[in-house]
Amino acid sequence: MYLGLDLGTSGVKAMLIDGGQRIVGSASGALDVSRPHPGWSEQDPADWVRATEEAIAGLKAAHPAELSAVRGIGLSGQMHGATLLDADDRVLRPCILWNDTRSFREAAALDADPQFRAITGNIVFPGFTAPKLAWVRANEPDIFAKVRWVLLPKDYLRLWLTGEHMSEMSDSAGTAWLDTGKRQWSESLLAATDMDEKQMPSLVEGTDAAGKLRSELAARWGISGDVVVAGGAGDNAASACGMGTVGEGNAFVSLGTSGVLFAANASYLPNPESAVHAFCHALPNTWHQMGVILSATDALNWYSGIAGRSAADLSAELGDHLKAPSGVTFLPYLSGERTPHNDAAIRGAFVGLGHESGRVVLTQAVMEGVSFAIRDSLEALRAAGTTLSRVTAIGGGSRSRYWLKSIATALNLPVDLPADGDFGAAFGAARLGLIAATGADPVITCYAPQTAETIAPEASLVSAYEASYQRYRRLYPAIKGAVS
């Protein structure tokens, strides 16, 4: 048996698979986010451990024999988070998360240094780890002086699981300290934030062994024998491993808290001017490009709180047939935006409201706004040299057929739905655990699921969607001066 642990923003998911990659069971533990100030987003790493224990306890209760047979564990996690530890591995402050934008000034200053884009292949976004440490240095100098280790969230779980300070390429590529082409830490970039390589975890590939499960935890969970912990992956690369998105030109769109358009690449293709992420993939000698929007299902969840209806009820109100854009446009910049604007200060808006604009119209506008934001990422990937002919949809938002039709029409690309099953980050992490424990071929192991259904663009609405998208694009520069 092989275990995948996915540390997300809202919870930890644990998934068991067998040697044939059949899912045996899964369980989860919930997490909350603390927002003590506008633009701040934090979690206590102790809560990650608690949630992981809850998820493992759920698996143990339902599948004790299977859990006892685990031989490999893979890790997946929310990227970019700054988990700061002292020399005794004590947490110095709450982890600053990926969607925290407090370090936008520090990010701009680092991005103005040409070596960052040249070495990392990316714009230095406020959500990345390096500007967070620059913020801590400027605003919490006493804490900065005590920093012995900087770990990404999943790698803090690894420390708890194994006692090892280790990371892997896909997650580390999102720190703004990695030489993405050479797949190694950059001393010059670390020095630019008054950091040193000795404060970084050692690096392996996502398919490599990166520690063994501590005997104390193995005994508590009822596992006997050595258990290898794989390098693992950042959440999007792990999802790609779960989806089989590892070959050139394969792509998926993820509708989770954030939204991602992910394309696998056989070579390193940076183009930071397009605000596309160019990161290492979890498999050796592979890379990927990624457009990221900060509020996808988060935008609908925000609106559902105001409307007093669940997100599922709001989606159901729209019905099964895609509607023409109403003229009301929603900009989903609730916590700033990454691709293509790299703007932490911009905020969202409804534009074109009238007396006739009821709840259904606003729900439609929210979904369309997210669809158009993903279209922005598609255009950015095209500018970076990537051509896509179709995408596969994953994530919680993909349960809304209306939203999938909207995305297919906004992108003017077919959207594939995988056959029933859970092929997300926890599954991808479990695959990496299997590879690390058995030496299985990564490409053969990370095959794509069968396609259950393909949702085609609504041909009669493509031109109307295109006109609405062009209006959407004109609104960002119109509101930028007013809110940022």
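Everything below is about the structure printed above this text.
What you are looking at is a predicted structure, and each value in this text was computed from that prediction instead of being measured.

1. With respect to the layout of surface pockets
And then number 1: When its volume is computed, the second largest pocket comes out at roughly 230 Å³.
And then number 2: Taken together, 18 residues form the lining of the second largest pocket, with Thr 245, Asn 250, Ala 251, Thr 392 and Asp 416 sitting closest to its centre.
And then number 3: Of the residues assigned to the lining of the second largest pocket, the class counts are 7 nonpolar, 9 polar and 2 charged.

2. Some remarks on empty space enclosed by the protein
And then number 1: Counted under the stated rule, the structure contains 2 cavities of 30 Å³ or more.
And then number 2: A volume near 70 Å³ is recorded for the largest cavity.
And then number 3: Lining the largest cavity are 13 residues; nearest its centre among them are Thr 101, Pro 126, Gly 127, Leu 294 and Arg 338.
And then number 4: A per-class count over the lining of the largest cavity returns 5 nonpolar, 4 polar and 4 charged.

3. A word on the packing of helix α11 (residues 235–243) against helix α16 (residues 425–438)
And then number 1: Relative orientation of the contacting elements α11 and α16 amounts to 75 degrees, with a least axis distance of 7 Å. The angle between α11 and α16 places the two elements in the roughly perpendicular class. In this structure, α11 uses Asp 235, Ala 238, Ser 239, Cys 241 and Gly 242 to contact α16, whose residues at the interface are Ala 425, Phe 427, Gly 428, Ala 429, Arg 431 and Leu 432.
And then number 2: Each residue belonging to the contact of α11 with α16 can be placed in one class, and the counts come to 6 nonpolar, 3 polar and 2 charged.

4. Observations concerning helix α7 (residues 153–162)
And then number 1: Within α7, 10 of the 10 residues are buried, which leaves it mostly tucked inside the rest of the structure.
And then number 2: Following α7 by one or two positions, Gly 163 has its phi on the positive side, about 80 degrees.

5. Here's the deal with the nonpolar core
And then number 1: Formed by 51 residues in total, the largest nonpolar core has its most connected members in Val 370, Ile 374, Leu 388 and Val 391.
And then number 2: Tallying contributions element by element places helix α14 (residues 359–383) first for this core, with 11 residues.
And then number 3: In contact with Ile 374, other than residues within four places in its own chain, are Val 253, Leu 255, Leu 261, Ile 293, Ile 407 and Leu 411.
And then number 4: Ranked by size, the runner-up nonpolar core spans 50 residues in total, among them Ala 130, Met 200, Phe 279 and Cys 280.

6. Looking at the environment of Phe 144
And then number 1: Mapped onto the elements, Phe 144 comes out in helix α6 (residues 141–146).
And then number 2: Taking the relative accessible area as the measure of exposure, Phe 144 reaches 15% and is therefore buried.
And then number 3: For the pair Phe 144 and Leu 133, spaced 11 residues apart in sequence, the C-alpha separation works out to 7.6 Å.
And then number 4: Among residues more than four places away in sequence, those in contact with Phe 144 are Leu 133, Val 136, Arg 137, Thr 193, Asp 194 and Met 195.

7. Re the sheet that holds strand β19 (residues 287–293)
And then number 1: Strand order in the open sheet made by the 7 strands is β18-β19-β17-β16-β22-β23-β24, with mixed pairing throughout. Each edge of the open sheet carries a strand with a single partner, namely β18 (277–280) and β24 (451–455). Going from strand to strand, the sheet's axes swing by 30 degrees on average, the running direction of each strand aside.
And then number 2: Here strand β16 (residues 251–255) pairs with strand β22 (residues 391–394) via 3 bridges, running parallel. Opposite Phe 252, over in β22, you have Thr 392 as the bridge partner.

Here is what the cut-offs are and how they apply
- Residues numbered from 1 in each chain as written.
- Predicted model: local features only at pLDDT ≥ 70, side-chain atom pairs only at ≥ 80, totals over all residues.
- Heavy atoms only, no water.
- 1 Å grid on protein atoms, 1.4 Å probe; cavity = no way out; pocket = protein on both sides within 12 Å on 5 of 7 lines; lining within 4 Å.
- Points joined across faces, edges and corners; volume = space filled by probe spheres on them.
- Nonpolar A, V, L, I, M, F, W, Y, C, P; charged D, E, K, R; others polar.
- Axes fitted to C-alpha atoms, helices over the stretch in contact; angles between N-to-C directions.
- Helix = DSSP H or I, 4+ residues; strand = E, 2+ residues; numbered from the N terminus.
- Parallel < 35°, antiparallel > 145°, perpendicular 65-115°, else oblique.
- Contact = heavy atoms within 4.5 Å.
- Buried < 20%, exposed > 50% of the residue type's maximum accessible area, 1.4 Å probe, protein only.
- Core = buried A, V, L, I, M, F, W, Y, C linked by side-chain atoms within 4.5 Å.
- Pairing = 2+ DSSP bridges.

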